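Topology and contacts: notes
Chain residues, written in single-letter form:
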Amino acid sequence: MDITVRDVEHVAQLARLELSDREKELFAGQLGAILRYIEKLNELDTDGVEPTSHVLPISNVMRDDEPRPSWPLDKVLENAPDKEDGQFRVPAVLE
Amino acid sequence: MSLLRMRLPELRDRLARGELRVADLVDASLRRIRETEEKIGAFLLVDEEGARREAERLDSLPADAPRGPLFGMPAGIKDNMVTEGLVTTCASRFLANYRPIYDATAVRKLKEAQTVTVGKLNMDEFAMGSSTENSAFKLTRNPWDTERVPGGSSGGSAAAVAAGQVLFALGSDTGGSIRQPAAYCGVVGLKPTYGRVSRYGLVAFASSLDQIGPITRNVEDAACVLQAIAGHDPLDSTSAAVDVPDYPSALTGDVRGLRIAVPREYLGEGIDPQVKARVLEALKKFESLGATVEEVSMPHTDYAVATYYILASSEASSNLARFDGVRYGVRAEDAGSLAELYLRSRSEGFGPEVKRRIMLGTYALSSGYYDAYYKKAQKVRTLIKRDFDRVFESFDVIAGPTAPTTAFRIGEKVGDPLTMYLNDICTIPVSLAGAPAISVPCGLADGLPVGLQIIGKPFDEATVLRAAHAYEQATEHHRLQPAL
């Protein structure tokens, strides 16, 4: 699989990453090489094989819906880069 | 120095008899760090003040107060486990100033066992790497040869233990990140079964694979540390509600009748001849101790690295979406919109390997490629796991090398990600199967440590530890020390 700079730009947009022109070139080459290696999986016939998403036989884990104490607001906001009135402050989402 | 070479149970007895104070142990650890850290660079943070304060507190407890099983033992924590009040960076610029408000469950359990946290250990950024060269902050060097890498991603943890800076360390293992650095640094590293140790407070890389475990100087210590951190945790719904046996009492020294499988794929092409020779010698030793050794085939081994890099990168691309610059970590200055804030904060905060893996994972999960890559890899994971299930029908453990070579030179593989990934060929299949595995020293090749990997059935760490301990006690390899 060859990866073009345009592919890299598309994926970077999905991943919310901004790449320099140099990074785009580099990643196009490296991701292409990695994906070509990964194509060896196509040597295996996996028709009818169940996918494994998790090795343990655990599905939904439920607990009783009982209220319990949570973190105080000032603690939760301790690492916030910007905050106001007990909330995380960010640039406007809508104009 | 000599204090920090003793076994944990030995030190526990000396502390209990009053021959030793916790302050002596903590002093010894801090002194050793001062002497060696410039050469090794294992720590991202040394909490000298906190460690001394805790030593004083423990030493002043009344003589009849109950003592935790790891009372007074100085330990280091890989910097991807959150520690209340102690900066936790994941070796990433993104979290350079992140000060967690709570402890990871494994860290809390160590505190309950009354260990003393000496500091936070270097790693590859977000645990992505095999050499610790992907740390955003510093290089860690192998105590056996400072021109070489300590392995990774728990390179700081393995180097600190090998250099005698701490008695033990916690590491985390997603595709080999405890076992491979342990092998490279000549110490013991145990990756427990997936689900054996709570992941609560471990910064997530690949949630279906990540597991916390001990890096120690000998197998008995690994058993003691695992005992302290294992068990179900309501805060991690993927931690298993499986009984935790008494690990130290499993170390009987007896491996008569133990059935060891050796997959021929683990000793094939790409394995350094000297590494292979050390592993074969180790297997001979097991036979002389009364175990049986038989060659088997695990035919899907060769597909494990490709499978892993799809699954781990996909999970990482999703997990690392949380680093958006809103609630903690880096926030880009003067972003005009929320979208720009995400984009620029992430781009400024993440290093190249992290970006590469997020890109690979995002690609594999993107529209039109999901079935071809992600789902295909999940199916191959099933085939790889079946290889293990089949062998474990007739064998107790599986053995082979931990890594195909000894520690490589700093800078040797940084330009070629695929070659770096292939270095994890021996450890990745085990991670995909979720099985427990240990790396124990099995001698030197050209003066560098070689690790023997012993893999067990899921939740049968006891047999893995028993086998590793019997081998260790029958050999002198674990007594070898780097000439620092």
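Details of the structure are given in the entry above.
Now for a description of the structure that goes with this document.

Cut-offs applied
- Residues numbered from 1 in each chain as written.
- Chains lettered and ligands numbered in written order.
- Predicted model: local features only at pLDDT ≥ 70, side-chain atom pairs only at ≥ 80, totals over all residues.
- Heavy atoms only, no water.
- Helix = DSSP H or I, 4+ residues; strand = E, 2+ residues; numbered from the N terminus.
- Rg over C-alpha atoms; globule rule 2.2 N^0.38 Å.
- Buried < 20%, exposed > 50% of the residue type's maximum accessible area, 1.4 Å probe, protein only.
- Contact = heavy atoms within 4.5 Å.
- Lys, Arg positive; Asp, Glu negative; His and termini not counted.
- Charge placed at Lys NZ, Arg CZ, Asp CG, Glu CD.
- Phe/Tyr/Trp six-rings, centres within 6.5 Å; stacked < 30°, edge-to-face > 60°.
- Lys NZ or Arg CZ within 6 Å of the ring centre and 35° of its normal.
- Salt bridge = Lys/Arg side-chain N within 4 Å of Asp/Glu carboxyl O.
- Polar contact = N/O pair within 3.5 Å; in protein donor to acceptor, adjacent residues only side chain to side chain.
- Expected span 1.5 Å × (residues − 1).
- Bend = angle between axes of the 7 residues up to and from the residue.
- Pairing = 2+ DSSP bridges.
- Axes fitted to C-alpha atoms, helices over the stretch in contact; angles between N-to-C directions.
- Parallel < 35°, antiparallel > 145°, perpendicular 65-115°, else oblique.
- Core = buried A, V, L, I, M, F, W, Y, C linked by side-chain atoms within 4.5 Å.
- Patch = residues over 30% accessible without salt bridge, like charges linked within 9 Å, V, L, I, M, F, W, Y side chains within 5 Å.
- Areas by Shrake-Rupley, 256 points an atom, 1.4 Å probe, with all protein chains shown as cover.

Scanning chain B for helices and strands turns up 15 helices and 11 strands. Here the C-alpha atoms of chain B give a radius of gyration of 21 Å, agreeing with the 23 Å that 2.2 N^0.38 yields for 484 residues. Projected onto its principal axes, the C-alpha coordinates of chain B cover approximately 65 × 55 × 45 Å. Classification of the 484 residues of chain B by burial places 67% in the buried group. Considering only contacts in chain B between residues 6 or more positions apart, those separated by 24 or more positions represent 75%. For chain B, the separation between the mean place of its 56 positive charges and that of its 61 negative charges on side chains is 1 Å.

Here we come to the packing of aromatic side chains. Residue and element names in this part refer to chain B. Tallied over the full model, the rule gives 18 aromatic pairs over all chains. Centroid distance Phe 94 to Phe 323: 5.4 Å. Interplanar angle 70°. Geometry classified as edge-to-face. Here Phe 94 is found in the loop between β2 (74–78) and α4 (105–112), whereas its partner Phe 323 is found in the loop between α9 (304–319) and α10 (338–349), with 229 residues between them in sequence. Of the two residues examined, Phe 94 and Phe 323, each falls in the buried class. With 5.3 Å between their ring centres and 40° between their planes, Tyr 370 and Tyr 374 make a pair best called tilted. Of this pair, Tyr 370 and Tyr 374 both sit in helix α12 (residues 370–392), four residues apart, which is roughly one turn of that helix. Judged by its relative accessible area of 35%, Tyr 370 falls in the partly exposed class. Pairwise contacts between aromatic rings join Phe 94, Tyr 98, Phe 126, Phe 323, Tyr 328 and Phe 350 into one cluster. One residue, Arg 67, lies across the ring of Phe 71, its end atom 4.2 Å from the ring centre. Stacked on the ring of Phe 408, the Lys or Arg Lys 413 has its end atom at 4.4 Å from the ring centre.

Time to look at the pattern of salt bridges. All names here are of chain B. Scanning the entire structure with this criterion turns up 39 salt bridges over all chains. With a closest N to O distance of 3.1 Å, Arg 21 and Asp 24 form a salt bridge. Residue classification places Arg 21 among the partly exposed positions, given a relative accessible area of 46%.

Before going further, it helps to spend a moment on the side chain of Ser 208 of chain B. When you line up the elements, Ser 208 of chain B lands in the loop between β5 (188–191) and β6 (211–216). Judged by its relative accessible area of 5%, Ser 208 of chain B falls in the buried class. Among the polar contacts made by the side chain of Ser 208 of chain B, one reaches the side chain of Glu 315 of chain B at a distance of 2.6 Å. Within the structure, the side chain of Ser 208 of chain B is placed 3.0 Å from the side chain of Arg 381 of chain B, a separation counted as a polar contact. The contacts of Ser 208 of chain B, once residues within four sequence positions are left out, are Ser 53 and His 54 of chain A together with Tyr 194, Glu 315 and Arg 381 of chain B.

For α12 of chain B, with 23 residues, the first-to-last C-alpha span of 32 Å sits near the 33 Å given by 1.5 Å per residue. Along α12 of chain B, the sharpest change in direction is near 30° and occurs at Lys 376 of chain B.

A few words now on the sheet that holds β5 of chain B. Residue and element names in this part refer to chain B. One open sheet holds the 11 strands; their spatial order is β1-β3-β2-β4-β6-β5-β10-β11-β9-β7-β8, and the pairing between them is mixed. The open sheet has two edge strands with one neighbour each: β1 (43–46) and β8 (292–296). Each neighbouring strand pair of the sheet contributes to a mean axis angle of 30°, computed without reference to strand direction. The pairing of strand β4 (residues 168–173) with β6 spans five bridges and is classified as antiparallel. Its bridge partner being in β6, Ala 169 is matched across the sheet by Ile 215.

Right, let's get into the packing of helix α8 (residues 273–288) of chain B against helix α15 (residues 461–474) of chain B. All names here are of chain B. In contact at an axis separation of 10 Å, α8 and α15 are set at 95° when each is read in the N-to-C sense. In terms of axis orientation, α8 runs roughly perpendicular to α15. Taken together, the residues of α15 that come into contact with α8 (itself represented by Ala 282, Lys 285 and Phe 286) are Ala 467, Tyr 471 and Ala 474.

Another aspect to go through is the nonpolar core. One finds Phe 126, Phe 388, Ile 454 and Leu 465 of chain B to be the most contacted residues of the largest nonpolar core, which totals 171 residues. In this structure, Ala 403, Ala 407, Phe 408 and Met 420 of chain B belong to the second largest nonpolar core, which totals six residues.

This part takes up a nonpolar patch on the surface. Residue and element names in this part refer to chain A. Residues Trp 71, Val 76 and Phe 88 make up a contiguous nonpolar surface patch of roughly 260 Å² in combined accessible area. In this structure, Trp 71 sits in the loop between α2 (21–38) and α3 (73–76). Judged by its relative accessible area of 43%, Trp 71 is partly exposed.

Take it as geometry only, folks, not as evidence of what the structure does.
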